[in-house]
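Commentary on secondary and tertiary structure
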Amino acid sequence: MSDTAIRVEGLTKRFGDVKVLHGVDLTVHKGETLAVLGPNGAGKTTAVEILAGLGPRDGGEVSVLGVDPAKAGRAWRARVGVVMQSASDLATLTVAETVRHFAGYYPDPRDPAEVIEAVGLTEHARRRVGKLSGGQRRRVDVALGIIGRPELLFLDEPTTGFDPEARQRFWELIRLLSGEGTTILLTTHYLGEAEALADRVAVIASGVVEAVGTVGELRAAAGDLVEVTWRDGAERTEEPTALVTKLAAHYGGEVPGLNVRRPSLEDVYLAMIKEQN
Amino acid sequence: MPGTVTIGLSRGLMEIRDFSRDIGQVMFTFSFPALLLLMLGGIYDQHLGDGLNLSHVFAASIAASAIVSTSFVNLGGSIAAERDDGTLKRLRTTPMPKVSYFMGKIILVLVISVVELALMLGLAVLLYDMKLPTDAGHWLRLGWLFLLGVTCWSLLGMAASGLARSARSAAIIMSVIYTLLGFVSGVYIVPGSIPPVMADIGAVFPLKWLAQGFRSALLPDLAQAQEATGSWELGRVALVLLGWTVAGLVLCMMTFRWRSARTR
């Protein structure tokens with residue numbers, strides 16, 4: 001099992017009477033980037049917290065880097081980086097002080113200055129974290145997540161609140177980490193983000209994994225029907241070229257208002273979510 | 001892997017830095033015991049004989065309650081706040097040991113308490129002609145009482161922070177406990193003149209014993225006459241403080257949580 005970073009079988013979790021995870025199955029290979037997509041309340045964050053050793057589960061088998069996260073110790077935490085959602089801590093310390101301090105927790109940390117540079121905060125290194133904008137704060141979270149040189153990195157909606165430029169920069173950083181061999185599991189609302197970064201995508205809805213695969217595989221699974229619309233009609237077909245040829249013959253040349261559209265990942269995703277509900 | 005003590009010292013440094021960045025917090029925290037002494041000393045300052053004034057008795061008792069204020073109220077409140085704002089959750093994702101976190105907190109309490117006591121006792125000497133002890137025995141006694149008091153009340157503060165549902169409820173609960181204990185433990189009242197029922201309640205909790213111990217370390221022996229039993233009862237002081245320290249440690253282990261319902 002040396003090429004498996006995360007193995008999850010039948011993971012369940014409830015909060016009081018509310019069952020949040022209904023038996024999640026998931027495998028993440030070493031070195032891959034897996035994006036977990038799903039609507040709000042689907043259980044993405046809950047699942048990540050359990051995998052990252054932040055909360056207990058009710059049932060199922062979980063192995064992360066060969067260890068059960070519910071029983072994991074310091075050595076395991078040193079190998080795992082975690083960026084969770086929304087914290088408002090660390091307000092009075094500067095970016096540089098914070099990153100340097102956290103570096104001291106790890107046996108083989110990255111260079112704090114390099115990490116600050118990598119997340120694009122060098123010019124804000126001497127500012128207090130509490131004085132940063134929401135997007136800048138988020139980059140501090142990312143910096144603290146990677147300072148320990150983790151083998152496995154969890155990112156829970158890491159780019160929420162980023163402007164397009166910051167998001168592009170963040171994507172470059174993730175590709176860099178991935179290129180160094182870091183295994184990455186990220187949750188996101190942005191399908192473009194999943195498409196841009198992930199080797200594979202897992203769609204979670206209502207507490208179960210609906211589908212896992214590459215973006216191409218997901219498309220195929222949803223039926224690779226292409227939507228052809230024109231002035232007088234619309235049709236979904238697996239053979240759009242044949243249909244367009246037929247239409248051209250029918251109209252004797254140019255087809256009025258012709259539009260041929262392949263489903264985006266978003267269409268596939270929305271269709272899956274709708275099916276589930 | 002960096003050692004628990006190394007990380008604990010680093011946390012302590014960070015706690016001090018964090019504390020020092022809020023000027024209002026620094027000024028009010030440091031001056032609180034001195035201000036209390038000004039109030040109580042301004043109201044009651046009878047001469048008790050041989051260079052001993054009532055204000056000196058208050059100064060010694062306030063020194064004990066200042067420790068409760070920094071370790072129980074401030075430390076407990078800060079842990080509850082850090083549970084609510086996500087600090088603890090973030091630390092949970094790192095290999096930082098839990099003990100290092102507590103070490104950092106206690107280092108901050110020690111630093112604040114030393115400064116507070118120095119300021120307050122300095123004021124007592126300058127304004128109320130208090131004579132501090134000149135022999136090593138009394139200072140040694142003050143030293144172990146100080147360390148035991150800080151440890152005991154810090155553990156109780158940590159335990160209380162785990163019992164409170166939120167930082168807001170923790171702050172008010174601890175302030176109420178602290179203030180009421182101040183009365184029944186004979187901090188704001190001459191120790192020997194507390195009604196028996198109140199004194200019995202006070203005798204259950206460790207503030208009364210810490211204050212009594214501090215009086216024994218900072219006051220001349222003739223002040224023993226002010227005590228309910230007419231004696232310092234140092235053995236009992238040590239016993240009660242140790243008992244509560246153990247209870248605090250157990251409670252702390254049982255109630256400590258990395259996260260609150262609000263940061264779920």
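Residues numbered from 1 in each chain as written. Chains lettered and ligands numbered in written order. Predicted model: local features only at pLDDT ≥ 70, side-chain atom pairs only at ≥ 80, totals over all residues.

1. Some thoughts on the overall build of chain B
For clarity, the cut-off: Each helix corresponds to a stretch of at least 4 residues labelled H or I by DSSP, and each strand to a stretch of at least 2 residues labelled E; elements are numbered beginning at the N terminus. We compute the radius of gyration over the C-alpha atoms and compare it with the globule rule, which gives 2.2 Å times the number of residues raised to the power 0.38. Think of it as a crowd count around each C-beta: if 20 or more other C-beta atoms lie within 10 Å the residue is buried, if 12 or fewer it is exposed, and in between it is partly exposed, with C-beta placed from the backbone throughout. Note on contacts: each residue gets a C-beta atom placed from the backbone, and two residues are in contact if those atoms are within 7 Å.
Helices and strands together make up the secondary structure of chain B, namely ten helices and two strands. Start at the N end of chain B and walk to the C end: the helices and strands fall as α-α-β-β-α-α-α-α-α-α-α-α. In terms of overall dimensions, chain B is globule-like: its C-alpha atoms have a radius of gyration of 19 Å, near the 18 Å expected for 264 residues. For the C-alpha atoms alone, the extent of chain B along its principal axes is close to 60 × 35 × 30 Å. Residues counted as buried form 48% of the 264 residues belonging to chain B. Sequence-distant contacts in chain B: of pairs separated by 6 or more residues, those separated by 24 or more amount to 82%.

2. Some details on the overall build of chain A
The number of helices and strands found in chain A is ten helices and twelve strands. Principal axes of the C-alpha set define a box for chain A whose edges measure 75 × 45 × 35 Å.

3. Observations regarding the interface of chain B and chain A
Heads up, the condition is: By the convention adopted, Pro, Cys, Tyr, Trp, Phe, Met, Ile, Leu, Val and Ala count as nonpolar, Lys, Arg, Asp and Glu as charged, and the other residues, Gly among them, as polar.
Opposite the 21 residues of chain B that make contact, chain A presents 19 residues. Looking at the side of chain B that touches chain A, the elements that each hand over two or more residues are helix H1 (4-20) and helix H4 (87-92) of chain B. Counted by class, the side of chain B that touches chain A contains seven nonpolar, five polar and nine charged residues.

4. Brief notes about the UniProt feature "domain: ABC transmembrane type-2" (unreviewed entry) in chain B
Condition: UniProt positions are given in the numbering used here, feature names are shortened, and annotations may be inferred rather than shown by experiment.
UniProt's feature table lists "domain: ABC transmembrane type-2" (unreviewed entry) at residues 24-259 of chain B, given in the numbering used throughout. Between the first and last C-alpha atoms of residues 24-259 of chain B the distance is 28 Å; the span itself is 75% helix and 2% strand.

5. Some details on the packing of helix H3 (residues 95-103) of chain A against helix H5 (residues 134-146) of chain A
Think of two packed helices as two axes; the pair is described by the angle between the axes and how far apart they sit. All names here are of chain A. To be explicit about the condition: Note on geometry: axes are lines fitted to C-alpha atoms, helical ones only across the stretch in contact, with angles between N-to-C directions running from 0 to 180 degrees. Angle categories: roughly parallel below 35 degrees, roughly antiparallel above 145, roughly perpendicular from 65 to 115, and oblique for all the rest. The handedness criterion is simple: a crossing whose near helix is rotated anticlockwise from the far helix by less than a right angle is left-handed, and one whose near helix is rotated clockwise is right-handed.
It is the contact of H3 with H5, at a shortest axis distance of 9 Å, that shows an interaxial angle of 20°. Taken together, the axis directions place H3 and H5 in an arrangement best described as roughly parallel. Regarding H3 and H5, the two cross each other, and that crossing is right-handed. Contacts from Val 95, Thr 98, Val 99 and Phe 102 in H3 reach Val 140, Ala 143 and Leu 144 in H5. For the contact of H3 with H5, the class distribution of residues is six nonpolar, one polar and no charged.

6. So, the UniProt feature "transmembrane region" (unreviewed entry) in chain B
All names here are of chain B. Here, UniProt's "transmembrane region" (unreviewed entry) annotation points to residues 23-44, 56-81, 102-127, 139-158, 170-190 and 237-256. End-to-end, the C-alpha atoms of residues 102-127 are 37 Å apart, and along that stretch the chain is 100% helix and 0% strand. What you have in residues 237-256 is 95% helix and 0% strand, and the ends, taken at the C-alpha atoms, are 27 Å apart.

7. Observations regarding the sheet that holds strand E12 (residues 259-261) of chain A
In any sheet, the strands associate via hydrogen bonds between backbone groups, in a parallel or an antiparallel arrangement. All names here are of chain A. As a reminder, the rule being used: Whether two strands pair depends on DSSP finding at least two bridges between them.
Judged by pairing direction, the sheet is antiparallel, and its three strands sit side by side in the order E11-E10-E12 without closing on themselves. The sheet terminates laterally at strand E11 (233-237) and E12, the two strands that pair on one side only. Between one strand axis and the next, the sheet turns by 15° as a mean value, whatever way the strands run. Sheet topology places strand E10 (residues 226-230) next to E11; five bridges connect them, and they run antiparallel. Among the inter-strand pairings, Val 226 is bridged to a residue of E11, identified as Thr 237. Each of E10, E11 and E12 touches helix H9 (residues 240-251); the most contacted strand, E10, lies at about 15° to it.

8. Overview of the nonpolar core
Put simply, the rule reads: For the purposes of this analysis, a nonpolar core is taken to be any set of buried Ala, Val, Leu, Ile, Met, Phe, Trp, Tyr and Cys residues that are connected through C-beta atoms within 7 Å.
Within the largest apolar cluster, 74 residues are counted, with the highest numbers of intra-cluster contacts made by Ala 35, Leu 51, Val 99, Ala 143, Ile 147 and Phe 154 of chain A. Residues contacting Ile 147 of chain A, with those up to four places away along its chain left out, are Val 99, Phe 102, Ala 103, Tyr 106, Pro 109, Arg 110, Pro 112 and Val 115 of chain A.

9. Examining the environment of Thr 183 of chain A
Counting through the fold element by element, Thr 183 of chain A comes out in strand E7 (residues 183-188). With residues up to four places along the chain from it excluded, the contact list for Thr 183 of chain A reads Ala 5, Val 28, Lys 30, Gly 31, Glu 32, Glu 151 and Leu 152 of chain A.

10. So, the sheet that holds strand E3 (residues 33-37) of chain A
Residue and element names in this part refer to chain A. In space, the six strands of this open sheet follow the order E5-E6-E7-E3-E8-E9, with mixed pairing throughout. Edge positions in the open sheet fall to strand E5 (80-83) and strand E9 (208-213), since each of these has one partner strand only. On average, each strand axis in the sheet is inclined to that of its neighbour by 15°, with strand direction left out of account. Against the sheet, H5 touches E5 and strand E6 (152-156), its axis set at about 170° to E5.

11. Focus on H5 of chain A
Each α-helix winds once per 3.6 residues, and so residues spaced three or four apart point in a common direction. The condition is simple: Helix span, expected: 1.5 Å multiplied by one less than the number of residues in the helix.
The end-to-end C-alpha distance of H5 of chain A is 19 Å, a good match for the 18 Å that 13 residues give at a rise of 1.5 Å each. Most of H5 of chain A sits inside the fold, with ten of its 13 residues counted as buried.

12. So, the environment of Trp 76 of chain A
Residue and element names in this part refer to chain A. Counting through the fold element by element, Trp 76 comes out in helix H2 (residues 74-79). The class for Trp 76 is partly exposed, based on 18 C-beta atoms found within 10 Å. The sequence separation of Trp 76 and Asp 156 amounts to 80 residues, and the corresponding C-alpha distance is 19 Å. Here Trp 76 is in contact with Leu 65 and Val 67, once residues within four sequence places are set aside.

13. Quick look at the pairing of strand E2 (residues 18-29) of chain A
Residues and elements named next belong to chain A. Of the strand pairs in this sheet, strand E1 (residues 4-15) and E2 are connected by nine bridges, and their pairing is antiparallel. Looking at E2, one finds that Thr 12 is bridged to His 22. Connecting the antiparallel pair E1 and E2 is a turn made up of two residues, with Gly 16 showing a positive phi of about 65°.

14. Description of the packing of helix H2 (residues 23-43) of chain B against helix H5 (residues 98-128) of chain B
Residues and elements named next belong to chain B. The contact between H2 and H5 brings their axes to 8 Å, and the two run at 30°. Taken together, the axis directions place H2 and H5 in an arrangement best described as roughly parallel. Crossing of H2 over H5 shows right-handed handedness. Of the residues in H5, those in contact with Thr 29, Phe 30, Ser 31, Pro 33, Ala 34, Leu 37 and Gly 41 of H2 are Ile 112, Val 115, Glu 116, Leu 119, Met 120, Leu 123, Ala 124 and Tyr 128. Classifying every residue of the contact of H2 with H5 by side-chain character gives eleven nonpolar, three polar and one charged.

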